[in-house]
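Report on the structure
Listed here are the chains, written in short residue letters.
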Amino acid sequence: MKLTAFFLRALRESRPSAIRFRAGPKWYHCALRVALVVCLLGSHHEVGSMLAGEAVDSERPATAATGTLPAAPSFELDIQPILTKAGCNAGACHGKQRGQNGFQLSLLAFDSDFDYQQILQGGRGRRVFPAAPERSLLLAKAVGAVPHGGGKRLEVGSPHYNALLEWIAAGAPRRSPGESQLVGIALETAEFTLQRGQNAALSVTAHYSDGSSRDVTALADYLSNEAVVASVDGQGRITAGELPGETAIMVRYMNHIAVAGVVIPYGAGLGAEYYRDLPRNNFIDDLVYAKWERAGLAPSAPASDATFLRRVFQDLIGRFPTAEEAREFLTSTDPNKRERLVDSLLDRPEYIDYWANQWADLLRPNPYRVGIKAVLNYDNWIRDQFRRNVPYDEFVRGLVTARGSTWRNGAATLYRDRRSPDEMATLVSRLFLGIRLECAKCHHHPFEKWSQRDFYQFAGFFAQVGFKGTGLSPPISGGEEVVYSKSTGNITHPRTGEVLQALPLFSLPDAENSAAQTNAVGSEDADATDPRYRLWRWMTSPGNNYFAQVHANRMWAALMGRGLVEPVDDLRSTNPPSNPELLQALGDFFRDSGFDQRALLRAIALSRVYSLSSLPTSSNVADRLNYSRHYRHRLRAEVLMDAIADFTETDHEFSAMPAASRATQIWTHRIGSTFLDTFGRPDPNQDPPCERTSDSTVRQTLHLMNSQEVNGRLGRDSGRAARLAASGLEADAIVEELYLAGFSRFPTEDERQVAVAAIRAAGENRRQAIEDLMWAMMNSAEFYIQD
């Protein structure tokens, strides 16, 4: 070894040209061969250290200033951040699943062991060359000295280039003795309030296990959620846009994430006294008003009784009020009529169908895949949960711990559709926690803290699910299947092969942790020995805010037109809520109510914020996040289809459904309907949870105007137009009934005069005039857009 050391020191201290002068080229190549042999025999690190001049045999002199050896750059703490900042391990480059041009790195450096092996041993060892570090392929490609598909990533002589050069010259060590670990990052300032066009700078500090810290602002990556509101460059410099608003800026450094909030005020504000004096009904108003004050927003005026009536009917039970119901409410002088209305709607049978239909989007599978009878039982089970007002936590328990026959327990169909632990992990985490784990299945989540290990440990809760009976055989999977919990079952890490224990994504406070994660041995509950039961206990524990908050956010979005977090099931630090205090309060209220969905809906519907007009003011015209006005949105496909049937007094004719069934009662999206497909119901071939199309389209407009189905309803002899034309009602009374039934309000004086004149002018053919008026009303935005 000492002889090798002699050769290597000579290599390090002399250029090849000098070596040739002293001993000729054969000496140089001989020494190089000795070094390579030693590398192959397993002493690569020592050889690299010798090439860098480190004292492997205590022959390297200490520095004169300190008497200690200068530390070589750390692969994990120094080199990996440089490769990440340069984009080498990005998804579009060497971080993609199979790498790029034979060189693969883990995505965003989530696996340093793998990356080190690829750099040092991959490519037949050509990527690093300690004898002449500047000739290493890793550096040569990065600076463009040799062709590189990714282009030039570093400048020769730059700090990042020099760090890589020094690391290679030091023998490219994996880690040094006693090396610290990165434990987190922090922002010097996490909240910015900027004026339009103003600039600000982020400052990022990394903290390590030995108590040290360093400024990593230049090495961190930055991403603005809305660059129009505030953009950020690669060095963390923020530039406010020319429009008011707010956004979050993600800061990522070596799989640690921090978030900075940026607000560009909508105006100068109206003073604390203005917001203090605003009328309020409950805690929701308090927290929304506080956000308005910070953002300088003034709210729109309160909505009229007619607007509130129509809105709350649509939002709570998915239908329009009848003409009689609208007349009674609008003419009532009861000061508590809104509160009484909300309470009565939550007790109506239409509530069951409407909310079960919404959950069907999230849960209901394709009957051609899992069987018609299984899906029908599943739909009946969901509706029965709402019929009995089962608390939400028990509803989730019935799904997550489902067992038994798919023909007897509809909830078991969930497992007939999602058959593997990894499929269940992604579905359960998304629906009931608002955590999208899909990315972590293959690599560390790029926008969150979840690792591949976290994913498979969570999936381990479903490893003991077993099946008996007929499996799937699409497109005619009609057999019965029994879901049960096996006594054994485990899951392995796909990369390391390690058998993993089923563990939740994070720990709860000690007292809750022991209760939530216990096996409950000796419990009379049949679920007690099932790992899924432990998962359910953990999810519904008071310390787990995700469970209550994701459902509260889903309900808020359904009534307010937009979630506090969008998408509604994507709760993560890099996608923060527009009002964190409100989301926390809604989640707490929902949990404290015993997970009573009706109580949560009642609180939202009776807040002052819910009853605001959708007409903007000069202050809030640009507001899309703070609910200073009601956000208009198109009605759900089923609600609009039922509204047309009610308005025209005609029944639907659905296949595989009883006569006179409503669209909200359909048990599968496989039941054909051009209208429902046009207005955005989910694709029946799509796996749940399904995304709905909420945008208005030209196709929808043309369908309302020209559809034979819609026009046929207007002309039916058993419909409203025919009934009114044959009645002895005066034109004024006919117009009033149509406006109450179609718009939930009385007509204005101008509307009344025009419509009455048209009906009177038609004479004996007034049925045609009534049909024309109804057609015009159905094609107006007031009919199919919630105001």
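Residues numbered from 1 in each chain as written. Predicted model: local features only at pLDDT ≥ 70, side-chain atom pairs only at ≥ 80, totals over all residues. Heavy atoms only, no water.

Quick look at the overall build of the protein chain
Secondary structure summary: the protein chain contains 32 helices and 17 strands in total. Expressed as a percentage of the 787 residues in the protein chain, the buried residues total 53%. Within the protein chain, contacts between residues separated by at least 24 positions form 65% of all contacts whose residues are at least 6 apart in sequence. Taken as a whole, the protein chain presents about 34,400 Å² of accessible surface, with 51% of it coming from carbon and sulfur. (Helix = DSSP H or I, 4+ residues; strand = E, 2+ residues; numbered from the N terminus. Buried < 20%, exposed > 50% of the residue type's maximum accessible area, 1.4 Å probe, protein only. Contact = heavy atoms within 4.5 Å. Areas by Shrake-Rupley, 256 points an atom, 1.4 Å probe, with all protein chains shown as cover.)

Some details on the side chain of Arg532
Relative to the helices and strands, Arg532 resides in helix α20 (residues 531–539). A polar atom in the side chain of Arg532 sits 3.4 Å from the backbone oxygen of Val400. Polar contacts involving the side chain of Arg532 include one to the side chain of Tyr415, which spans 3.4 Å. The residues touching Arg532, leaving out its near neighbours within four places in the chain, are Val400, Thr401, Ala402, Arg403, Tyr415, Phe461, Phe462, Val465 and Ser485. (Polar contact = N/O pair within 3.5 Å; in protein donor to acceptor, adjacent residues only side chain to side chain.)

As for the packing of aromatic side chains
Using the criterion set out here, one finds 34 aromatic pairs in the structure. Measuring from ring centre to ring centre gives 5.2 Å for Trp359 and Phe395, while their planes differ by 70 degrees; the resulting arrangement is edge-to-face. Of the two residues, Trp359 is situated in helix α12 (residues 349–363) and Phe395 in helix α15 (residues 392–400); the sequence distance between them amounts to 36 residues. Taking the centre distance of 5.1 Å and the plane angle of 35 degrees together, the rings of Tyr392 and Phe547 count as tilted. Here Phe547 lies in helix α21 (residues 545–560) and Tyr392 lies in helix α15, a separation of 155 residues in the sequence. Judged by relative accessible area, which is 1%, Phe547 ranks as buried. One cation-aromatic arrangement involves Arg311 over Tyr610; the distance from NZ or CZ to the ring centre is 5.8 Å. If you follow Arg419 out to its NZ or CZ, it ends over the ring of Phe467, 4.3 Å from the centre. (Phe/Tyr/Trp six-rings, centres within 6.5 Å; stacked < 30°, edge-to-face > 60°. Lys NZ or Arg CZ within 6 Å of the ring centre and 35° of its normal.)

Considering unusual backbone geometry
Residues Glu566 and Pro567 are joined by a peptide bond in cis, for which omega reads -5 degrees. Positive phi outside glycine occurs at Asn255, with the angle close to 65 degrees. With respect to the helices, strands and loops of the structure, Asn255 is situated in the loop between β9 (245–253) and β10 (256–264). The phi dihedral of Ser744 is positive, around 60 degrees, even though this residue is not glycine. Positionally, Ser744 belongs in the loop between α29 (731–743) and α30 (749–762).

Focus: the sheet that holds strand β5 (residues 213–215)
Remark on secondary structure: sheet strands pair via backbone hydrogen bonds, oriented parallel or antiparallel. Reading across from one edge, β1-β4-β5 is the order of the 3 strands in this open sheet, with antiparallel pairing throughout. Where the open sheet ends on each side, the last strands, each with one partner, are β1 (182–187) and β5. Across the sheet, the axes of successive neighbouring strands diverge by a mean angle of 25 degrees, strand direction being ignored. In terms of strand pairing, strand β4 (residues 204–208) meets β5 through 3 bridges, oriented antiparallel. (Pairing = 2+ DSSP bridges. Axes fitted to C-alpha atoms, helices over the stretch in contact; angles between N-to-C directions.)

Concerning the nonpolar core
Counting residues in each nonpolar core, the largest one holds 149 residues, and the members touching the most others are Leu363, Phe432, Phe458, Phe462 and Met539. Of the residues forming this core, the biggest block, 9 residues, is contributed by α21. For Phe458, the contacting residues outside a window of four places in its chain are Ala425, Val428, Ser429, Leu433, Leu437, Leu503, Leu505, Leu535 and Trp538. Of all hydrophobic cores here, the second largest spans 52 residues; its members include Ile82, Leu187, Val232 and Val251. (Core = buried A, V, L, I, M, F, W, Y, C linked by side-chain atoms within 4.5 Å.)

Structural notes on a nonpolar patch on the surface
Together, Val698, Leu702, Met705 and Trp775 line one region of the surface with nonpolar side chains, adding up to about 350 Å² of accessible area. At 3 residues, helix α26 (residues 698–706) tops the list of elements feeding residues into the nonpolar patch. (Patch = residues over 30% accessible without salt bridge, like charges linked within 9 Å, V, L, I, M, F, W, Y side chains within 5 Å. Salt bridge = Lys/Arg side-chain N within 4 Å of Asp/Glu carboxyl O.)

Focus on the environment of Tyr546
Note that Tyr546 resides in helix α21. Along the chain, Tyr546 and Gly587 lie 41 residues apart, while their C-alpha atoms are 8.4 Å from each other. Beyond its immediate sequence surroundings of up to four residues, Tyr546 is in contact with Phe432, Leu433, Ile435, Trp450, Phe506 and Leu571.

Things to note about the packing of helix α17 (residues 421–433) against α20
Following both chains from N to C, one finds α17 and α20 inclined at 25 degrees, their axes separated by 12 Å at the closest point. Judged by the inter-axis angle, α17 sits roughly parallel to α20. Both α17 and α20 take part in a crossing whose hand is right-handed. In this structure, α17 contributes Val428, Phe432 and Leu433 to the contact, and α20 contributes Leu535, Trp538 and Met539. Here the residues of the contact of α17 with α20 are counted per class, giving 6 nonpolar, no polar and no charged. (Parallel < 35°, antiparallel > 145°, perpendicular 65-115°, else oblique. Left-handed = near helix turned anticlockwise from the far one by under 90°. Nonpolar A, V, L, I, M, F, W, Y, C, P; charged D, E, K, R; others polar.)

Examining the sheet that holds strand β8 (residues 237–240)
Sheet architecture is open: 3 strands sit in the order β3-β8-β7, paired in antiparallel fashion. Looking at strand neighbours, the two that pair on one side only are β3 (199–201) and β7 (230–232), the edges of this open sheet. Taken over all neighbouring pairs, the strand axes of this sheet differ in orientation by 25 degrees on average, direction set aside. Here β7 runs beside β8; their pairing, made up of 3 bridges, is antiparallel. Looking at the pairing, Ala230 lines up with Ala240 of β8.

Here's the deal with α21
Given a rise of 1.5 Å per residue, 16 residues ought to cover 22 Å, and the 21 Å separating the end C-alpha atoms of α21 matches this to within 8%. A large share of α21 lies buried, amounting to 14 of its 16 residues. A distance of 3.2 Å separates the backbone nitrogen of Tyr546 from a side-chain oxygen at the start of α21, and that oxygen is part of Asn544. Immediately downstream of α21, the backbone of Gly561 shows phi near 90 degrees, a positive value. (Expected span 1.5 Å × (residues − 1).)

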